[in-house]
Amino acid sequence: MENGNEAQGKKRGWLGRYMSVAALAVIAYFVYLLFFSSHSAMKKFEYQRVIDSLQREVNASEDSVAYYRGLNEKLRSDPRAVEQVVREEHNMNRPGEDVYVMEPDAGR
């Protein structure tokens, strides 16, 4: 009998000696989950990168909204601010006044 067990042990390869089929199945399942499933770690990293990018855009938009709300409040309460914005943004002038617009060189 001992000869039979010895021969049977030699026929089993390294996989049979060190790992069972169930352990191999569990490892294969975790590899699948880690890299290939819809809940994979790779996709989670990609989604987090997109979330971070969108969060930066939201923060920039909130800063713009705060600026324009402040400007709107200033324009409602201060008539000189209205004149300043009209002159700066729309290059308007008073009668008899010349406006010179200086633009930076595109080549420099």
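Calculation criteria
- Residues numbered from 1 in each chain as written.
- Predicted model: local features only at pLDDT ≥ 70, side-chain atom pairs only at ≥ 80, totals over all residues.
- Heavy atoms only, no water.
- Salt bridge = Lys/Arg side-chain N within 4 Å of Asp/Glu carboxyl O.
- Buried < 20%, exposed > 50% of the residue type's maximum accessible area, 1.4 Å probe, protein only.
- Helix = DSSP H or I, 4+ residues; strand = E, 2+ residues; numbered from the N terminus.
- pLDDT = per-residue confidence, 0-100.

Per the stated rule, a full pass over the model turns up two salt bridges. Across the salt bridge formed by Asp 78 and Arg 80, the nearest N and O atoms sit 4.0 Å from each other. With a relative accessible area of 24%, Asp 78 lands in the partly exposed category. Taking the shortest distance from any N to any O, the salt bridge between Glu 83 and Arg 87 comes out at 3.0 Å. Taken as a pair, Glu 83 and Arg 87 lie in helix α5 (residues 79–90) at a separation of four residues, close to a single helical turn. Residue classification places Arg 87 among the partly exposed residues on the basis of a relative accessible area of 26%.

Now for the confidence of the model for the protein chain. Residues of the protein chain with pLDDT of at least 70 account for 83%, and the chain-wide mean is 81. The least confident element of the protein chain, judged by mean pLDDT, is helix α1 (residues 2–11) at 53; the most confident is helix α4 (residues 41–77) at 93.

On to the environment of Leu 33, then. Mapped onto the elements of the fold, Leu 33 is located in helix α3 (residues 21–35). By relative accessible area, which is 28% here, Leu 33 ends up partly exposed.

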